[in-house]
Amino acid sequence: MQRKSILFILITLLSAALLSAQQPQGDDKPLPGKVQRLNRVPVSHEILKVKLPHPKEVTLPNGLTVLVLEQHKLPTVSCVLWIKSGALSDPADLPGLASFTADMLREGTAKRSSAQIASELDDLGATFTADAGFGSNLTTIQASGLSESVDKFLDLMSDIVLNAGFPSTELDRFKRTEKARLLQLRSNPGFLARERFSRAIYGGFPASIQATTNDAIQKVTPESLRGFHDKYYLPGNAILAFAGDITVPQATALATKYFGPWKNSGVAAITMAELPPPSAAHVYVVDRPGSVQSNILAGGLTVRRSDPDYLALSLANRILGGGSAARLFANLREDKGYTYGAYSRVSSDIYPGTLIANTEVRNAVTDGSLHELMYEFRRLRDEKVPSAELEEAKRSIISRFALSLQSPSEIMNAWLTVKYYGLPADYWDRYADEVAKIDADTIQRTAKKYIDLDHLQIVIVGDGKEVREAASKYGAVSVFDAEGKPMEVNPAGAVSGTK
Amino acid sequence: MHSRKMNSRKKLPLICALLLIFASFTSAQTRLPKIQFTDTTLENGLRVVIVPDNTAPVVAVSMTYNTGSRNEKQGRTGFAHLFEHMMFEGSANVGKGEHMLLVQNYGGTMNGTTNSDRTNYFEEMPRNQLDMALFLESDRMKALNITQANLDNQRNAVQEERRLRVDNQPYGKSGEALESMVYDAFPYHHSVIGSMEDLNAASIDDVKEFFRVYYAPNNAVLVLVGDLDTKEALGKVKKYFGDIPRQSAPPPVDMTESPHGKERRSTMEDTLARLPQIQAAYPGPVGNTQDFYTLQVLSNILSGGRSSRLYEHLVRQKQLAVNVFAGIQERRGPGLFRVVALPRPGVKPEDLEAAIYDEFEAVKKDGITPQELEKARVQLLRADIQGRSSALGLANRIGMLTVYFNDPGLINTAYEKIAAVTASQIQTAAQKYLVPENRAVVITTPHVSGSKPGL
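Residues numbered from 1 in each chain as written. Chains lettered and ligands numbered in written order. Predicted model: local features only at pLDDT ≥ 70, side-chain atom pairs only at ≥ 80, totals over all residues. Heavy atoms only, no water.

A.B. asks: Explain the overall build of chain A to me, please; I cannot follow it from the model alone.
C.D. replies: The helix and strand inventory of chain A stands at 17 helices and 15 strands. The C-alpha radius of gyration of chain A comes to 25 Å, within 12% of the 23 Å expected for a compact globule of 499 residues. Viewed in the frame of its principal axes, chain A has a C-alpha envelope of about 65 × 65 × 35 Å. Looking at chain A as a whole, 59% of its 499 residues are labelled buried. The contacts in chain A between residues at least 6 apart in sequence include a share of 79% that link residues at least 24 apart. Total accessible area computed for chain A in this model is approximately 19300 Å², and 53% of it derives from carbon and sulfur atoms. Separation between the mean location of the 56 positive side-chain charges and that of the 56 negative ones in chain A comes to 2 Å. (Helix = DSSP H or I, 4+ residues; strand = E, 2+ residues; numbered from the N terminus. Rg over C-alpha atoms; globule rule 2.2 N^0.38 Å. Buried < 20%, exposed > 50% of the residue type's maximum accessible area, 1.4 Å probe, protein only. Contact = heavy atoms within 4.5 Å. Areas by Shrake-Rupley, 256 points an atom, 1.4 Å probe, with all protein chains shown as cover. Lys, Arg positive; Asp, Glu negative; His and termini not counted. Charge placed at Lys NZ, Arg CZ, Asp CG, Glu CD.)

A.B. asks: Just to check I follow, could you spell out the pairing of strand β9 (residues 321-329) of chain B for this structure?
C.D. replies: Along any regular strand the residues' side chains alternate between the sheet's two faces. All names here are of chain B. As defined by bridge partners, β9 adjoins strand β10 (residues 336-343) across eight bridges and the pair is classed as antiparallel. Looking across to β10, one finds that Gln329 is bridged to Leu336. Here β9 folds back onto β10, and the loop between the two strands holds six residues. (Pairing = 2+ DSSP bridges.)

A.B. asks: What exactly am I supposed to notice about the sheet that holds strand β15 (residues 486-488) of chain A here?
C.D. replies: The pairing of strands in a sheet happens through backbone hydrogen bonds and is either parallel or antiparallel. Residues and elements named next belong to chain A. Strand order in the open sheet formed by seven strands is β11-β12-β10-β13-β9-β14-β15, and the pairing between neighbours is mixed. The sheet terminates laterally at β11 (339-347) and β15, the two strands that pair on one side only. Neighbouring strand axes in the sheet, compared pairwise and without regard to direction, differ in orientation by 20 degrees on average. Pairing between strand β14 (residues 477-481) and β15: two bridges, direction antiparallel. Paired with Val479 across the two strands is Glu488, which belongs to β15. Packing of helix α11 (residues 366-382) onto the sheet brings it into contact with β10 (293-301), β12 (354-362) and β13 (457-462), and relative to β10 it is tilted by some 25 degrees. Sheet contacts for helix α17 (residues 464-472): β9 (282-287), β10, β13, β14 and β15; angle to β9, the most-contacted strand, approximately 175 degrees. (Axes fitted to C-alpha atoms, helices over the stretch in contact; angles between N-to-C directions.)

A.B. asks: Where do I start with the interface of chain B and chain A in this structure?
C.D. replies: As a measure of interface size, the accessible area lost when the parts come together is often cited. Contact with chain B, which involves 90 residues of that partner, is made by 98 residues of chain A. Between chain B and chain A the total buried area reaches about 8000 Å² when both faces are included, carbon and sulfur atoms providing 55% of it. Put simply, chain B and chain A have six salt bridges between them. Inspection of the chain B/chain A interface yields 48 residue pairs in polar contact (both at pLDDT 80 or more). For the side of chain B that touches chain A, the secondary-structure elements that each account for two or more residues are α4 (98-105), β4 (109-114), β5 (119-126), α5 (130-142), α6 (148-167), α13 (309-317) and α15 (370-386) of chain B. Top contributing element to the side of chain B that touches chain A by residue count: α6 of chain B, with 10 residues. Classifying every residue of the side of chain B that touches chain A by side-chain character gives 34 nonpolar, 35 polar and 21 charged. (Buried area = accessible area lost by both parts, 1.4 Å probe. Salt bridge = Lys/Arg side-chain N within 4 Å of Asp/Glu carboxyl O. Polar contact = N/O pair within 3.5 Å; in protein donor to acceptor, adjacent residues only side chain to side chain. Nonpolar A, V, L, I, M, F, W, Y, C, P; charged D, E, K, R; others polar.)

A.B. asks: Mind showing me how you'd approach the domain arrangement of chain B here?
C.D. replies: All names here are of chain B. When its domains are assigned, chain B resolves into domain 1 (32-241) and domain 2 (264-446). The straight-line distance from the C-alpha centre of domain 1 to that of domain 2 is 28 Å. Taken together, the 45 residues of domain 1 in the interface contact 50 residues of domain 2. A buried area of about 3800 Å², summed over both sides, lies between domain 1 and domain 2, and 63% of it is on carbon and sulfur atoms. Among the residues domain 1 hides against domain 2, the three largest losses belong to Leu32, Tyr171 and Met181. Together they make up 21% of the total. Applying the counting rule to domain 1 against domain 2 returns three salt bridges. Put simply, Arg264 and Asp184 hold a salt bridge, and the shortest N to O gap is 2.8 Å. Taken together, the connections running from domain 1 to domain 2 amount to 21 residue pairs in polar contact (both at pLDDT 80 or more). For the side of domain 1 that touches domain 2, the secondary-structure elements that each account for two or more residues are β2 (47-52), β3 (58-65), β5, α7 (174-182) and β6 (220-226). The element best represented in the side of domain 1 that touches domain 2 is α7, accounting for seven residues. (Domains from an automatic or database assignment.)

A.B. asks: It is not clear to me how helix α14 (residues 408-421) of chain A should be interpreted in this structure. Could you clarify?
C.D. replies: All names here are of chain A. When the terminal C-alpha atoms of α14 are compared, their 20 Å separation across 14 residues agrees well with the 20 Å that a helix rising 1.5 Å per residue should span. Taken across its 14 residues, α14 has 10 buried, putting it largely inside the fold. In the core, the buried residues of α14 are packed alongside β4 (65-70), β5 (76-83), β8 (238-244), α13 (401-404) and α15 (427-437). Directly beyond the C-terminal end of α14, a positive phi value near 65 degrees is found at Gly422. (Expected span 1.5 Å × (residues − 1).)

A.B. asks: Quick question: what am I supposed to make of the sheet that holds β5 of chain B here?
C.D. replies: Residues and elements named next belong to chain B. The six strands are arranged β1-β2-β6-β3-β5-β4 in an open sheet whose pairing can be described as mixed. In this open sheet, the two edge strands, each paired with only one partner strand, are β1 (38-41) and β4. This sheet shows a mean twist of 15 degrees between the axes of neighbouring strands, independent of strand direction. Relative to the sheet, α4 contacts β4 and β5, its axis offset from that of β4 by approximately 135 degrees.

A.B. asks: Please clarify how the packing of aromatic side chains should be interpreted in this entry.
C.D. replies: Tallying each qualifying case throughout the model produces 34 aromatic pairs over all chains. Between Tyr183 of chain B and Tyr188 of chain B the ring centres are 5.0 Å apart and the planes differ by 75 degrees, which places this aromatic pair in the edge-to-face class. Residues Tyr183 of chain B and Tyr188 of chain B agree in their burial class; the two are buried. Arranged with centres 5.5 Å apart and planes meeting at 90 degrees, the rings of Tyr404 of chain B and Phe405 of chain B form a pair that is edge-to-face. Accessibility assignment for this pair places Tyr404 of chain B and Phe405 of chain B in one class, buried. Here the aromatic residues Tyr65, Phe79, Phe83, Phe88, Tyr121, Phe210, Phe211, Tyr214 and Tyr215 of chain B are joined through ring pairs into a cluster of three or more. Taking NZ or CZ as reference, Arg196 of chain A lies 3.7 Å from the ring centre of Phe480 of chain A, over its face. (Phe/Tyr/Trp six-rings, centres within 6.5 Å; stacked < 30°, edge-to-face > 60°. Lys NZ or Arg CZ within 6 Å of the ring centre and 35° of its normal.)

A.B. asks: Can you help me understand the domain arrangement of chain A in this one?
C.D. replies: Residue and element names in this part refer to chain A. Domain assignment breaks chain A into domain 1 (56-259) and domain 2 (282-480). Between domain 1 and domain 2, the C-alpha centre-to-centre distance is 29 Å. Counting from both sides, the interface comprises 32 residues of domain 1 and, opposite them, 31 residues of domain 2. For the domain 1 and domain 2 pair, buried surface summed over both sides reaches about 2600 Å², with 75% attributable to carbon and sulfur atoms. Taken as a group, Trp82, Arg196 and Phe197 account for 25% of the area that domain 1 buries against domain 2, more than any other trio of residues on that side. For the pair domain 1 and domain 2, the interface holds one salt bridge. Where Lys419 meets Glu57, a salt bridge forms, and the shortest distance between an N and an O atom there is 3.1 Å. Where domain 1 meets domain 2, there are five residue pairs in polar contact (both at pLDDT 80 or more). Where the side of domain 1 that touches domain 2 is concerned, the elements lending two or more residues are β4, β5, α5 (189-202) and β8.

A.B. asks: What is the right way to read the pattern of salt bridges from this model?
C.D. replies: Side-chain pairs of opposite charge can arise where the charged atoms are in close proximity. All names here are of chain A. Applying the stated criterion to the full structure yields 61 salt bridges over all chains. Arg226 is the partner of Glu223 in a salt bridge, and the nearest nitrogen-oxygen pair spans 4.0 Å. Placement of the pair is Glu223 and Arg226 together in helix α7 (residues 222-232), with a separation of three residues, close to one helical turn. Salt bridges sharing common partners tie together Arg112, Glu120, Asp155 and Asp159.

A.B. asks: What am I meant to see in the side chain of Thr64 of chain B here?
C.D. replies: Structurally, Thr64 of chain B is set in strand β3. Residues within four places of Thr64 of chain B in sequence aside, it is in contact with Arg118, Thr119, Asn120, Asn219, Ala220, Val221, Gly399, Met400 and Val403 of chain B.

A.B. asks: Where do I start with the environment of Lys56 of chain A in this structure?
C.D. replies: Along the chain, the position of Lys56 of chain A falls in strand β3 (residues 56-59). Ignoring anything within four residues of it in the chain, the contact list for Lys56 of chain A reads Val66, Leu67, Val68 and Val248 of chain A.

A.B. asks: When you look at unusual backbone geometry in this model, what are you seeing that I'm missing?
C.D. replies: Note: most residues except glycine have negative phi, and most peptide bonds are trans. With a phi close to 50 degrees, Phe166 of chain A is a non-glycine residue in the positive phi region. Residue position: Phe166 of chain A is located in the loop between α3 (150-162) and α4 (168-185). Judged by relative accessible area, Phe166 of chain A falls into the buried class, the value being 1%. For Tyr171 of chain B, which is not glycine, the phi torsion reads 65 degrees and is therefore positive. Along the chain, Tyr171 of chain B falls in the loop between α6 and α7. Exposure remark for Tyr171 of chain B: the relative accessible area of 10% places this residue in the buried category.

Below you can see the structure in the form of structure tokens.
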């Protein structure tokens, strides 16, 4: 009953030896810490060079782009609607409007009450989610379920998305829940770190906003929700993507039936404010009394997703902290025992993103951990990456594509990324070759450019009295409380990591 | 079709049978695809389950050991998990940390997880790296490298994991407190992560002894899923694992619990929390029993989706809760039917708590509707299908079912048992298990420390 794979897979022999008992010997310095290589494990040097299947694309007369990716392994279908407007389109006095609009979609239409919608979805075993995350200009709406009920859950999805009524009784309920969620959010140390870091990087730019406010919850009305919905939920501002157990004609017919009547009108492209120039290096302590760990974030501003440097930056990040085979993990956990995990990540969007290293460490080793973070930042800037380490990082990224072929939703997401950020249509076809071209000089140049120690922002969420002294060794310190209010502000920012 | 066993229908009262026939008009036609597998035991006792699946060029290797925190000794809570960390620290032919480097550098993912009832280790790799994954698993089963430096290092990592997940999170310690009140017998009385004190006490000799007793081929199940040839893969398994000697069977674990006789309650103050929280639990049936599957369906009716009773009544209509969850956890010993709820600000925790119990009483008194039963079946069918979307998820699940219940075939038959659950069984099970005298309750309240926050 297994269907033959219809995926197009090229197998390229990058090495003559199929099952060698040796991996390539490191020709440069050993990795840090106590990680040790014996090179006795059998590995295949053949890289399964995978070509991601392309979705079929259809445009409906109303301007809606429809993508379809068939994969019939399981009897389920996922349908994603990307609205290309989200939190970055929030009015300044209503942070959270995009998010409220998405959350409230399922709370009633002209035809169905909130309870009916919930009941019909659950009866089908279908799921529906709608989300407009802060720091992004996307609203992601997803319905998925058994392929036998795709007609029914598409009917529901289109009613929810096109005919949302935003009833005021449901909005009142929602507001009360949302206030409690906001209160809860402030007990989460990870959120407090993200919030302060975004403020440090983006200042008054809209991407600095990571949560709604009590004031905005108070102010939002059915009219403001309807206003956002009418202005941005338009077929010309959306992509509808089917992935899974469905055919192209079936998907096209369903899209036409349920999203064909959706009326289009123009959407003005988002105008983004200018980014403020990067601030001088600074250390922020967020005082969370009773904390037994410091949540540390450290990093700075990088590039847009469409920037040519993005790829080299991703690879540099893989070497620095992209997983448990990277430097931060080897150093802070496997060698020093400071933490359960230490990682870094690149986040990029339609505006310049960030490179952030993060770790959570017991109070007593806050200083030691910051010291090691700074050491690893400098090492990537100051020393050329050993060639064996670079080749391994490249191979890990390229080889990983084989695993992604299991998930039609993951493949679809990769192509949605291409569409949304305006990347070349053959982006993923050329990706492996582009990664392979990156050399150690490029990595070092990229690290020097984007790990900018003069403008490095460090955030420590922890018990203020336990970590204040350690923080001061790494620059001028400002202290905030968990509500986001300043307790101690140091205007003299410009001291880079000095330890 | 799968969702209804003909022989069970005969046992139902006529009215229920008619309702079921009515309900079948709306029921899902989708069948759970049958998974074909081979089940072989090597001479040294290693059980090997292989599932060929060529839909993607991927193989998953999952090794499940028949050990977990239930096998720990008094004074060594957290040890099974600490030991799991030691399994990544090197073996005779694999250096410290080399395992993680190799798997990720060749495009794979890997990890290990520990719960009360089993410990598993897994790799998901491009299909041409099957030998690598098998070698890595066999070398550490054969000859783990146990050193004081590695133990001290991983003890630190695990203690940070405890701080990250428990001590530095709101309500982090409430779940631990609850389980210690539900279970009197040691195996489930303590948490998987263990206490700082016990983690500090773990010695090199403990590691060596645990390795000898539990990390033997006859105490493990290896599952391979993916783009492979069964015969060839089995040949490789024999090559890498065949010469690892079997050990004597580990000592049995006594999981017997006595009835409580009356409700147990406690309150906790939490410096990190902003809102009160209610956690309650009832001892439940062991896994893979009629009662377990019955309570699984009931869990879905109570809190699966927004049309579920607890969400619709307590979150949306009465607006007593920000969120509320109720569900049974599948275990080898007595399961845990757990409730977690967050009262809306201004609502007294006792009012929400009483409203939750009212919902349970309603099931006990009036039962559930045919529509609710059919909805739960479809939702659980969908969940079962979704659980097969990755080779790794499937491999881990088969490994768990085989170690827990000695039956890899449950991957195909568990859903049939779910689909056969009847409305009257649900009502009876609610009456049997959701009993106030058996309940344990922890109410957590925010604590504002006396000392002013500051420096």
